[in-house]
Amino acid sequence: MGPIPISLLPQNTAMGEDGRVTIGGCDLVELAHEHGTPLFVYSEAQLRARCREAVAAFGDGVAYATKAFSTVEMVRLAYEEGMSLDVATGGELYVAQAAEIPGERIVVHGNNKSVGELRAALEVGVGRIVVDSFDEMDRIEKLVFAGMPPPAVLVRVTPGVEAHTHEYLRTGVADSKFGFSLASGDAERAIAQAGASEAMELVGIHAHIGSQVFSVDSFRKAIKVLAPLVVSSEVEEFSIGGGLGVAYVTGEEAPTITEWADTVKSVCAKQGIEARVVAEPGRAIVAQAAVTLYTVGTIKEIP
Ligand SMILES: *Cc1c(COP(=O)(O)O)cnc(C)c1O
C-alpha cells in the first residue's frame, strides 16, 4: 500500500521538505505531542467551506445532520455558516442546546422518538419535527395542548427506491424501519392525518434514501417516485435528506454538494415540484475535513 492520495485528505494539507505534514498550517506531529493520540484533527477552513457550499447550493433550511460529527463547536460552526441542525436523539438535541442554537433552526428526526424527547423538542420550540410513525403522531397529539403553537412537521416517506449503497445503509426501501411507505398508502394517510391535526402544522415531505450514495441517479429515482405525492399534497417544503457519498479510498469518486444540489433541484423542477427543496448532508460536510492521528507502537516484520 502506498501513501494516501492527497485528494482524499483535507484540502489544506501540505507536506514540507522535511516530510512533515501540516493541515491548515498546523504540524500534525506537534498536535499529536500536544494532545496525545488517537486524535481527531479537523480542518476548520474546510468545514466552513462545505457548510457555505451547502447553503449556497440549497439555500435557507439546508440542515447539517449532526450525527456525522456532533460536538458543541461543530454544531455552532454549522449554525454560524447559515445551516440548520438536524438532530436524531435527545442527546443530539442537548448538544445543539449547549451550542445555544435557536430552536427554530433545529430539525428533529428519529423513528422512535420517546415522549420525553418529543416533550423536550416542543419545549425548545424546534423548527421542524420529521414525523416517522402513527405512534409518534399520537404522542404529539397528546403532548400539544390547546393554546400551544403546533409544531411544524414534515412527514417522512420511504419511496421504495434502492440506493446504490451497502444494504445496511439503505433507508429508502419499502420495508425500511424509517418513515411511512409510499407503496402501502401509509404515506398518503399520514399526510392526511398530519394535515387535519390541530396538534401539527404540516409543512412538508421528507425522504432520506440512505448513506454513502455515490450516484446522483439514486436521488433522481427517488424524486421521480415521490413527485406526484409532493405535488398533490401542496406542501411548501420537500427535503431530500442526506446521504451524499464521500470518497474514503483510492478509486472512489463522489459528486460535490453543488453537483448534487443542481441535479436534485433540476429533477424537482422537471417533475413539477414547486415546494422549496432542502437537504440534510452530514458526512459530505465533515468526512473529508478530518484525519485521525495514531502513534505507532509495536512493529512486526512479517515476511
Ligand atoms: C444520517 C441522516 C442524514 C445524513 O446522512 P449523511 O450520509 O451523513 O449525509 C440526513 N438525514 C437523516 C434523516 C439521516 O438519518
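Presented here is a report on the structure given in the accompanying data block. Model, not experiment: these values are computed from the prediction.

Bringing the layout of surface pockets into the picture now. Looking at the largest pocket, its volume works out to about 650 Å³. The wall of the largest pocket is formed by 24 residues, among which Pro 3, Ile 4, Pro 5, Leu 9 and Val 291 lie closest to the centre. Among the secondary structure elements, those contributing two or more residues to the lining of the largest pocket are β1 (13-15), β2 (21-23) and β14 (290-293).

This part takes up helix α9 (residues 257-270). Taking 1.5 Å of rise per residue, 14 residues should cover 20 Å, and α9 covers 20 Å from first to last C-alpha, within 8% of that figure. What α9 keeps buried is the set Ile 257, Trp 260, Ala 261, Thr 263, Val 264, Val 267 and Cys 268. Angular distribution of buried residues about the axis of α9 spans 165°; they occupy a single face of the element. Away from its buried face, by an angle of more than 90 degrees, α9 presents the exposed residues Ala 269 and Lys 270.

A few words on the sheet that holds strand β3 (residues 26-27). Judged by pairing direction, the sheet is antiparallel, and its three strands sit side by side in the order β1-β2-β3 without closing on themselves. Because the sheet does not close on itself, it has two edges, and the strands there are β1 and β3. Pairing of β1 with β2, which is carried by three bridges, proceeds in the antiparallel orientation. Its bridge partner being in β2, Thr 13 is matched across the sheet by Ile 23.

Moving on, we come to the site of the ligand. Lining the immediate surroundings of the ligand are 13 residues, of which Lys 67, Ser 211, Gly 243, Glu 280 and Arg 283 lie closest. In the environment of the ligand, a nitrogen atom lies 3.4 Å from a nitrogen or oxygen atom belonging to the side chain of Asp 86. At 3.0 Å, a backbone N or O of Gly 282 approaches an oxygen atom of the ligand.

This brings us to the packing of aromatic side chains. Per the counting criterion, the structure on display carries four aromatic pairs. Measuring from centroid to centroid gives 4.9 Å for Phe 134 and Phe 180, while their planes differ by 70°, and the two rings are edge-to-face. Of this pair, Phe 134 sits in helix α6 (residues 134-143) while Phe 180 sits in strand β10 (residues 180-181); the two residues are 46 residues apart in sequence, bridging distant segments of the chain. Taking the relative accessible area as the measure of exposure, Phe 180 reaches 3% and is therefore buried. Aromatic pair Phe 219 and Trp 260: ring centres 5.5 Å apart, planes at 65°, arrangement edge-to-face.

About the cut-offs
- Residues numbered from 1 in each chain as written.
- Predicted model: local features only at pLDDT ≥ 70, side-chain atom pairs only at ≥ 80, totals over all residues.
- Heavy atoms only, no water.
- 1 Å grid on protein atoms, 1.4 Å probe; cavity = no way out; pocket = protein on both sides within 12 Å on 5 of 7 lines; lining within 4 Å.
- Points joined across faces, edges and corners; volume = space filled by probe spheres on them.
- Helix = DSSP H or I, 4+ residues; strand = E, 2+ residues; numbered from the N terminus.
- Expected span 1.5 Å × (residues − 1).
- Buried < 20%, exposed > 50% of the residue type's maximum accessible area, 1.4 Å probe, protein only.
- Arc of directions from axis to C-beta.
- Pairing = 2+ DSSP bridges.
- Near = heavy atom within 4 Å.
- Polar contact = N/O pair within 3.5 Å; in protein donor to acceptor, adjacent residues only side chain to side chain.
- Phe/Tyr/Trp six-rings, centres within 6.5 Å; stacked < 30°, edge-to-face > 60°.

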